[in-house]
Amino acid sequence: MSKTKIYSGKSQFPQPYAETLRDLLDQVGSRYENIPAYIYRKKVRGRNSYVTYAGLRHDVLSLAIGLQRLHLRQRPLRLAVIGENSYPWILAYNAAVTGIGVVVPLDHQLPNEEALQLMRRGKVNVLCYSERHKDLAEAAVSALPALELCVCLKQEENGSEEDPFANTDSDKSWQNTLVRTVKAPMAALSAAAGKLVTVLSPDHKSDEKAGASARSPLTPSERKNKESSAVQTYGSSSSELSISADQAHAAQLSGGKTEAHGQTEKPSELHIHNDEVLWCSIDELLELGRHNFTEDLPALDALRPKPDDLASIVFTSGTLSSAKGVMFSQRNISSNAHASAESFNTTPGMRALSVLPLHHCFENTVGMFAFWYLGLTICINDGLRYIATNMKDWHIQLMMSVPLLIENIYGQILRSVRKQKKEDKLRRGIALANFLQFFGVNKRRLIFRTIHEQLGGEFLFTVVGGAALDPKVNEFFRDIGIKCLQGYGLTEASPVVSCNTLQRNKIKTVGWALPGVSICIDETDEDGDGKGENGGEILVKGPNVMLGYLDAPELTSETIDSDGWLHTGDVGFIAKDGSLTITGRKKSMLVLSNGKKAFPEEIEALLKRIPGVDEAFVWDEESKRGSVIICAKLKVLRHELPELKNGDDDEISRYLREEIIKVNHKMPVYKAITAFIWTEEPLEMTTTLKVRRNVERRRIAEDLALRGLSIQEADGLRLPESSPLHIVIPS
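Residues numbered from 1 in each chain as written. Predicted model: local features only at pLDDT ≥ 70, side-chain atom pairs only at ≥ 80, totals over all residues. Heavy atoms only, no water.

Let us look at helix 5 (residues 134–143). For an α-helix the count is 3.6 residues per turn, leaving residues at separations of three or four pointing the same way. Restricting attention to buried positions, one finds in helix 5 the residues Leu136, Ala137, Ala140 and Val141. Taken end-on, helix 5 shows its buried residues confined to a sector of 150°, consistent with a single buried face. Summarising the contacts, the buried residues of helix 5 are in contact with strand 4 (77–82), helix 4 (112–121), strand 6 (126–129), strand 7 (149–152) and strand 14 (278–281). (Buried < 20%, exposed > 50% of the residue type's maximum accessible area, 1.4 Å probe, protein only. Helix = DSSP H or I, 4+ residues; strand = E, 2+ residues; numbered from the N terminus. Arc of directions from axis to C-beta. Contact = heavy atoms within 4.5 Å.)

Attention shifts here to the side chain of Gln397. Within the element layout of this structure, Gln397 appears in the loop between helix 12 (387–394) and strand 19 (398–401). In this structure Gln397 comes out as buried when scored by relative accessible area, which is 12%. Apart from the residues within four sequence positions on either side, Gln397 is in contact with Met350, Arg351, Glu458, Phe459, Leu460 and Phe461.

The next point concerns the packing of aromatic side chains. Within this structure, the stated rule accounts for 13 aromatic pairs. Look at Tyr38 and Tyr87: their rings are 5.9 Å apart centre to centre, the planes differ by 55°, and that puts the pair in the tilted class. Taken as a pair, Tyr38 in strand 2 (residues 36–41) and Tyr87 in helix 3 (residues 87–100) lie far apart in primary sequence, 49 residues in all. A ring pair is formed by Phe344 and Phe461, whose centres lie 5.8 Å apart and whose planes are at 15°; its orientation type is stacked. With Phe344 in the loop between helix 10 (330–341) and strand 17 (351–354) and Phe461 in strand 20 (residues 461–464), this pair connects stretches of sequence that are 117 residues apart. For the pair Phe344 and Phe461, a shared accessibility class is recorded, and that class is buried. Lying over the aromatic face of Trp512, Arg504 brings its terminal NZ or CZ to 4.0 Å of the ring centre. (Phe/Tyr/Trp six-rings, centres within 6.5 Å; stacked < 30°, edge-to-face > 60°. Lys NZ or Arg CZ within 6 Å of the ring centre and 35° of its normal.)

This part covers the sheet that holds strand 25 (residues 536–541). Here we have 5 strands laid out as an open sheet, ordered 1-24-25-27-28, and antiparallel in their pairing. Every interior strand has two partners, whereas the edge strands, strand 1 (7–8) and strand 28 (580–585), have only one. Sheet analysis places strand 24 (residues 518–522) next to strand 25, joined by 5 bridges and oriented antiparallel. Residue Ser518 lies in a different strand from strand 25, and its bridge partner there is Lys541. (Pairing = 2+ DSSP bridges.)

Once that is clear, we can look at the pairing of strand 27 (residues 566–574). Most of strand 27 is tucked away: 9 of the 9 residues are buried. Across 4 bridges, strand 25 lies against strand 27 in antiparallel orientation. Following the sheet pairing, Glu537 is matched in strand 27 by Val571. Sheet analysis places strand 27 next to strand 28, joined by 5 bridges and oriented antiparallel. Looking at the pairing, Phe573 lines up with Thr581 of strand 28. As consecutive antiparallel partners, strand 27 and strand 28 are separated by 5 residues, and within that stretch Gly578 has a phi angle of approximately 90°, a positive value.

On the surface, a cluster of positive charge is made up of Lys422, Lys425, Arg428 and Arg449. In this structure, Arg449 sits in helix 16 (residues 449–454). (Patch = residues over 30% accessible without salt bridge, like charges linked within 9 Å, V, L, I, M, F, W, Y side chains within 5 Å. Areas by Shrake-Rupley, 256 points an atom, 1.4 Å probe, with all protein chains shown as cover. Salt bridge = Lys/Arg side-chain N within 4 Å of Asp/Glu carboxyl O. Lys, Arg positive; Asp, Glu negative; His and termini not counted. Charge placed at Lys NZ, Arg CZ, Asp CG, Glu CD.)

In terms of burial, helix 8 (residues 282–290) is a largely internal element, 9 of the 9 residues being buried. The set of residues buried in helix 8 consists of Ile282, Asp283, Glu284, Leu285, Leu286, Glu287, Leu288, Gly289 and Arg290.

Moving on, we come to the sheet that holds strand 21 (residues 483–489). Ordered by their spatial adjacency, 9 strands build an open sheet running 3-2-18-17-19-20-21-22-23, and the pairing between neighbours is mixed. On the outer flanks of this sheet lie strand 3 (48–52) and strand 23 (512–513), each paired with one strand and no other. Where strand 20 lies against strand 21, 4 bridges are found, and the strand directions are parallel. The residue bridging Val464 from the neighbouring strand is Gln486, located in strand 21. On the sheet, helix 2 (residues 53–68) packs against strand 2 and strand 3 and is oriented at approximately 85° with respect to strand 3. Its contacts with the sheet place helix 3 against strand 2, strand 3 and strand 18 (377–380), and it is angled at close to 130° to strand 2. (Axes fitted to C-alpha atoms, helices over the stretch in contact; angles between N-to-C directions.)

Right, let's talk about the packing of helix 1 (residues 21–31) against helix 2 for a bit. Where helix 1 contacts helix 2, the axes come no closer than 8 Å and their chain directions differ by 145°. Every pair of crossing elements has a handedness; the one defined by helix 1 and helix 2 is left-handed. In contact with Arg22, Leu25, Asp26, Val28 and Gly29 of helix 1, helix 2 contributes Tyr53, Ala54, Leu56, Arg57, Val60 and Leu61. By residue class, the composition of the contact of helix 1 with helix 2 is 7 nonpolar, 1 polar and 3 charged. (Left-handed = near helix turned anticlockwise from the far one by under 90°. Nonpolar A, V, L, I, M, F, W, Y, C, P; charged D, E, K, R; others polar.)

With that out of the way, let us pick up the confidence of the model for the protein. Here the protein shows a mean pLDDT of 83. Residues at 70 or above account for 80%. Here residues 164–274 scores under 50 on pLDDT; set against residues more than four positions off or in separate chains, the count is 222 contacts. Predicted confidence for residues 525–530 stays below pLDDT 50, and this span has 14 contacts to residues more than four positions away or in other chains. (pLDDT = per-residue confidence, 0-100.)

To continue, consider the pairing of strand 3. With 5 of 5 residues buried, strand 3 lies mostly within the body of the structure. Of the strand pairs in this sheet, strand 2 and strand 3 are connected by 5 bridges, and their pairing is antiparallel. Considered in strand 3, the bridge of Arg41 is made with Asn48. Hairpin connection, strand 2 to strand 3: the antiparallel pair is bridged by 6 residues, and Arg45 has positive phi, about 60°.

In this model, Arg75 is joined to Pro76 through a cis peptide bond whose omega is -10°. Structurally, the position occupied by Pro76 is in the loop between helix 2 and strand 4. Residues Ser494 and Pro495 are joined by a peptide bond in cis, for which omega reads 0°. Summarising the element assignment, Pro495 is placed in the loop between strand 21 and strand 22 (496–499). Unlike most non-glycine residues, Lys508 shows phi in positive territory, near 80°. Mapped onto the elements, Lys508 comes out in the loop between strand 22 and strand 23. The exposure class assigned to Lys508 is exposed, which follows from its relative accessible area of 58%.

See the structure below:
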């Protein structure tokens, strides 16, 4: 195996390093104590809740203590978390990695059967689920023999209404201590599922004769009818405490007690008996932890994880049989988050929008932990349809994103410009901005202030991953004063390998290796410069490279060689300045009759620039003459097509053919598209918005066979799918 020159990233903006995620939690809880860590809403367009970094640390550790208090049989815990982005999701994930267990984040759009199979493979004994996944939790009780606890992530509406940004007396109002409203414990936990749950306190002893249920507990809906009689309360369940986070912490330090309205709350303890499954809410676990915080914190500290301890198991997207369980150590995640943070020059308290699903490594490592390193205020968005509203509400300054999201924003801006018949004004504005920039005068945000106001007025940059961003879109946002920084990564690298930065943004590349990460190219051309026509396979080495695949040592050794290099399966080349360019996937590479190679991703990117083409799939097919030809399937959006005379299928086919000819002229002759079909149905996609190539190819073959056509005979036809296709978009 030959390698090109090795390129290693260097720190640009040094940050204190934390060896584990628990160390990181402690570090930011102290370093950014009173800066808001999260702003979120418990319901769409509801009131804002604010949590400082000190409050975040206290909540995570309280939840971990609450979980430990249950004395579950399987230790360390294997905790699965499934649901939409939310503050409780973040608490559940981070409580597990404090040293009490391993977290298994699951795609919230998985069918129940797939989620159950992955939990079985992950040996999950604790399931934290959002309210909309209640049916999954109920199914898990009978499907997962190891399951001991189901935790609903829904929280009561008891968050703070105090807005740290509303203080006009200080431009650093986030430094003021935030008020948190904490509910007095209604009960430690309930005998919810019709089984014996014992609440031990000085005034209450367990009833050993109480009937314990079998492994089919009451559902959460049935639970409500039993709760009032099944729960042993301590203190007053109807009263509320309004205390600051610091006051609460001080009270706990004085003996684990919190006083309000003349009452003293006492620590309590819960036990699960036999093979039962306990149902509870995250609020109940948090209260259990808060009221035993001082007493139990030393024991939790004694469980601090080591850097190489297993922290997380992430299942890659793909078919159920091909989904690989990627094992991450504490060091893998923390080092990659740290390296990402050292690539950006931001200010603590800057506001970032959390849009991508937290179960994806990109948002998890960067949009959570790297942002913690930087002390950013993370605003959890209300959903895809509310992105623009949330950006205005919270004056967002940056976010993680994927090309689909940025291209949608781009499309909305252009549609608005066309509707107002201001295309010429936009072009003149861009020309003026670029002219001034040539002389070092940056007036882009002033010239395009109307557009910026629609995005909250303060939006500065976005980091884009997951796929290639259309350079035309990237250049447009650059011209109006917003930077789109493309990066590259893969799950097995925790996930970020390289990224452009605010100081160095080289459009059409995925930037430079992160600090501490080394990259090189394998299978280079004869002169060994790693560039050639298509480049070679990208290899990665560093503390971010995964521990391995779950229960698959042979696959692990195939992926990580004896020298520690991760073979990514992605193909690209490294320029002399160290910047990396991706050309395609090794396993999807097309080998043509003349021995030449082409990457479908490269051709698909060009096809998706055709106005009206939403998605594209490129594959190779054997022609009647026995040669290999390149074919394409296009998903068309009629409302996005240019104005056509009739707009019927024949006219659309002629338009697409003319555009494909233009695309062919931009490529070498051997990469030319010979035949195409089009559809208005969505292509089969993974949850990370990548085409399921094998599935699409099989469906095309079945569709053509049903009609008795070869691809060349079907050239230019609109072929509706023979069966419904499914697309899922992360929220």
